[in-house]
Amino acid sequence: MADHLQQSSPLLQEILNSLSNSVDQPQSSVSDLTSFLDSVLDAALSDPDNEDAETNAFLALTEVHNFISSPSLDQAIIDSISFELPMAVSKFGGVSERCLEVAESIIDGFISLCSPRDMLSILCEALAPPIETIRDSGYVAPLLNGLSKVFLSLQRRHFEQVKVAVPIIVKVLKARSLELEDEDPEFKTLFDRAMSVANSIRAVCVKLEGGANDKLCALLGLYVLQIMALVSMNHKVSSSQPFVLQLSSFFPFCGLTYLGVVTGSVVDIISRTVGEDEDDYMSNLSDVKHGASLSVIWGHASDEVVRAAEEDLASVRDELKNNQTKRWQAVGMLKHILAPVTLPWELKKHAINFLLCVTDGNIPHYDEHDDFSSYMSSIFATLQAVQMVIIYASDTVLRKNAFEAFKRILADIPTSQRFDILKALITKSDSSSMIAILLDIVKGEMHKESRHSLGNDEVLQAEYKSHPHTVLWTPNVLALVEMILRPPEGGPPSFPEDSDAVLSALNLYRFVLITESTGKTNYTGAVSRSNLQRAYNEWLLPLRTVVTAITAENKNDCDISLDAFCILNPIELVLYRCIELVEDQLKQHSA
């Protein structure tokens, strides 16, 4: 390889000499130069442990750097090679640290010698090829470093030009960061350069005044939140925190507040500030709301982060406790942390703890709240995400806390919409155990209602019968039971897959029958003759046939498992009790 090194330098010098003498038509010499650099790069990358190959790459870059730094070089030649050389030398960024430094120096040279607007386009184009063609973060780093320098060199239309570059930067950062391990030195290199971009945008903001500064500052806020999300995804908290501290320090400058980002209100404001085409533009910054939620959860996890953001997290938590609308907004935003599988469990644990904090104690509730409908879909999504934590978290304490947070979020929903939320959660769930939990919650809510409205106080009971205000004691409850015991796709439920849900549905049905018959009411319609006959013929008897068959089959099987017995026995007991209750009610109708 040492021989190749001796042969390649004269060839490179010949190409550079030819290029310096071809002012009129330099294109062929530029192609020769990029082809030569590609061959040197391939040799270095094909054998990363070969020191000679790395040295060859370093010397080739050094010669190119010396060439463009020559004060006698014609500006026309500099302009001609500036279109292709930044991309060519950036590819060397992953070869070694010293190659990266020289590659960045070459790009810095072009920035000082060429039009900033031209270099902005060139560097953005170099970052824009299909992601799969970008070999490593070493290629990205010199280009990001170059863009941070270009931003500082721009003379006018700063906001418009930075606005074009930001989505390109974000796209390549996202693609590369998700592929890097925390221990990979490229992880630090990549986000160091991402921070350089943020610092450059801030420096430009300081120079500007008026509306241009406001818009660019808002764009910087979006960029900071986007990078907050990227640096948190798929990476250990210990690796991400140094960058989170740096990003949090931008909050006061950008006008970002914890209360504003955790409720999403500031995100909406700065998104509108960026421009009229915000919806289209924001699709390029799809993780901004993830970053907004994460920034507060990082603060909840670390006092250092709170200090960097110059925030008072205790007052934010108190505000959320005392303001139901803002609490709903915050709960809806936390789905951006709890739902993604790319975020570490440690951050999800802090998000659950934050939920417990803001729903703790005697917080104000307003049952009939006109505004809840606008938050319903986001809170529903958060509840679904909390369900995933309950089901999949390996930490027992986290699962327990998630369930407590789940119940508190439900309790914070107006009673008029709570059943709709529960029904939707049951319908959308594909976990029998989770459906069972949800049905048990429905039963608990109905029991709570019945104590108030169907109690022993005759005056209260008479008043309730005259002016019923129940939400859960309706025929909708029977529809839930039917969905489990007689699935929409037809046939009886499957065993053992649906065992938990079936047992819970039977218990709910038994509770409704006993309560309605004891209280001499029929709010759900459960004790009407037609519904009793339907439940008997379409739910209970087909289920008895299936359970009886499985039990008989297991009795004849010498290898019957204890698990199978433990699953079927409680179902069988509750099923026969439901059948007895229905038969008793039918007899009363016939009497």
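Residues numbered from 1 in each chain as written. Predicted model: local features only at pLDDT ≥ 70, side-chain atom pairs only at ≥ 80, totals over all residues. Heavy atoms only, no water.

*Asks:* When you look at a negative patch on the surface in this model, what are you seeing that I'm missing?
*Replies:* A contiguous patch of negative charge on the surface is contributed by Asp 47, Asp 49, Glu 51 and Asp 52. Take Asp 49: it is sitting in the loop between helix H2 (27-46) and helix H3 (51-68). Residue Asp 49 is classed as exposed on the basis of its relative accessible area of 73%. (Patch = residues over 30% accessible without salt bridge, like charges linked within 9 Å, V, L, I, M, F, W, Y side chains within 5 Å. Areas by Shrake-Rupley, 256 points an atom, 1.4 Å probe, with all protein chains shown as cover. Salt bridge = Lys/Arg side-chain N within 4 Å of Asp/Glu carboxyl O. Lys, Arg positive; Asp, Glu negative; His and termini not counted. Charge placed at Lys NZ, Arg CZ, Asp CG, Glu CD. Helix = DSSP H or I, 4+ residues; strand = E, 2+ residues; numbered from the N terminus. Buried < 20%, exposed > 50% of the residue type's maximum accessible area, 1.4 Å probe, protein only.)

*Asks:* What exactly am I supposed to notice about the environment of Asp 395 here?
*Replies:* Mapping Asp 395 onto the fold places it in the loop between helix H23 (376-392) and helix H24 (396-411). Between the C-alpha atom of Asp 395 and that of Lys 349, which follows or precedes it by 46 residues, the distance is 9.4 Å. There is a polar contact of 2.9 Å between the side chain of Asp 395 and the backbone nitrogen of Val 397. (Polar contact = N/O pair within 3.5 Å; in protein donor to acceptor, adjacent residues only side chain to side chain.)

*Asks:* How do you make sense of the pattern of salt bridges when you look at a structure like this?
*Replies:* Any two side chains of opposite charge can pair, on the condition that their charged atoms come close. Counted by the stated rule, this structure contains 18 salt bridges. The partner of Arg 486 in a salt bridge is Glu 482, and the shortest N-O contact between them spans 3.9 Å. Judged by its relative accessible area of 15%, Glu 482 falls in the buried class. Linked by salt bridges that have partners in common, Glu 482, Arg 486, Arg 534 and Glu 538 make up one network.

*Asks:* Teacher, can you tell me more about H23 here?
*Replies:* Counting along an α-helix, one turn takes 3.6 residues, and residues three or four places apart therefore face a common direction. Between its first and last C-alpha atoms H23 spans 24 Å; for 17 residues at 1.5 Å apiece the expected length is 24 Å, and the two agree. Residues of H23 that are buried include every one of Ser 378, Ile 379, Phe 380, Thr 382, Leu 383, Ala 385, Val 386, Gln 387, Val 389 and Ile 390, and no others. (Expected span 1.5 Å × (residues − 1).)

*Asks:* Would you mind going over the packing of H23 against helix H25 (residues 415-428) with me for this structure?
*Replies:* Packed helix pairs are specified by the crossing angle of their axes together with the interaxial distance, meaning the distance between the axes. For the pair H23 and H25, interaxial distance at closest approach is 11 Å and the crossing angle is 50 degrees. When the axes of H23 and H25 are compared, the pair comes out oblique. In the packing of H23 onto H25, the handedness of the crossing is right-handed. For the pair H23 and H25, contact is made by Met 376, Phe 380, Leu 383, Gln 384 and Gln 387 and by Gln 417, Asp 420, Ile 421, Ala 424, Leu 425 and Lys 428, respectively. (Axes fitted to C-alpha atoms, helices over the stretch in contact; angles between N-to-C directions. Parallel < 35°, antiparallel > 145°, perpendicular 65-115°, else oblique. Left-handed = near helix turned anticlockwise from the far one by under 90°. Contact = heavy atoms within 4.5 Å.)

*Asks:* Sorry, what's going on with a nonpolar patch on the surface here?
*Replies:* Among the surface-exposed residues, Trp 345, Met 388, Ile 391 and Tyr 392 lie close enough to one another that they form a single nonpolar patch of about 400 Å² accessible area. Of all the elements, H23 adds the most residues to the nonpolar patch, at three residues. With respect to the secondary-structure elements, Trp 345 resides in helix H22 (residues 345-358). Its relative accessible area of 39% is what places Trp 345 among the partly exposed residues.

*Asks:* How should I be thinking about the packing of aromatic side chains in this particular structure?
*Replies:* Two aromatic rings are characterised by how far apart their centres lie and by the angle between their planes. The tally for this structure, following the rule as stated, stands at eight aromatic pairs. Their ring planes at 85 degrees and their centres at 6.0 Å tell us that Phe 187 and Phe 243 sit as a pair that is edge-to-face. On the criterion of sequence distance, the pair formed by Phe 187 in helix H10 (residues 185-207) and Phe 243 in helix H12 (residues 237-248) is long-range, its members being 56 residues apart. Accessibility classification places Phe 187 together with Phe 243 in one group, the buried group. Between Phe 191 and Phe 243, the ring centres sit 5.7 Å apart and the planes meet at 50 degrees, which makes this aromatic pair tilted. You can see Phe 191 sitting in helix H10 and its partner Phe 243 sitting in helix H12, a full 52 residues away along the chain. Owing to a relative accessible area of 1%, Phe 191 belongs among the buried residues under this scheme. (Phe/Tyr/Trp six-rings, centres within 6.5 Å; stacked < 30°, edge-to-face > 60°.)

*Asks:* Teacher, can you tell me more about the side chain of Glu 482 here?
*Replies:* Tracing the chain through its elements places Glu 482 in helix H28 (residues 476-485). The residues contacting Glu 482, other than those within four sequence positions of it, are Pro 487, Arg 534, Glu 538 and Trp 539.

*Asks:* Can you help me understand H3 in this one?
*Replies:* Taking 1.5 Å per residue, 18 residues should reach 26 Å; H3 reaches 26 Å between its end C-alpha atoms and fits that length. With a side-chain oxygen positioned 2.9 Å from the backbone nitrogen of Asp 52, the residue opening H3 is Asn 50.

*Asks:* Help me understand the packing of H25 against H28, please; the structure alone is not making it clear to me.
*Replies:* Across the interface, H25 lies against H28 with an axial gap of 11 Å and an inter-helix angle of 10 degrees. Taken together, H25 and H28 sit at an angle that is classed as roughly parallel. Residues Phe 419, Lys 423, Ile 426 and Thr 427 of H25 form the contact with H28, whose participating residues are Asn 476, Val 477, Leu 480 and Met 483. The residue makeup of the contact of H25 with H28, split by class, is five nonpolar, two polar and one charged. (Nonpolar A, V, L, I, M, F, W, Y, C, P; charged D, E, K, R; others polar.)

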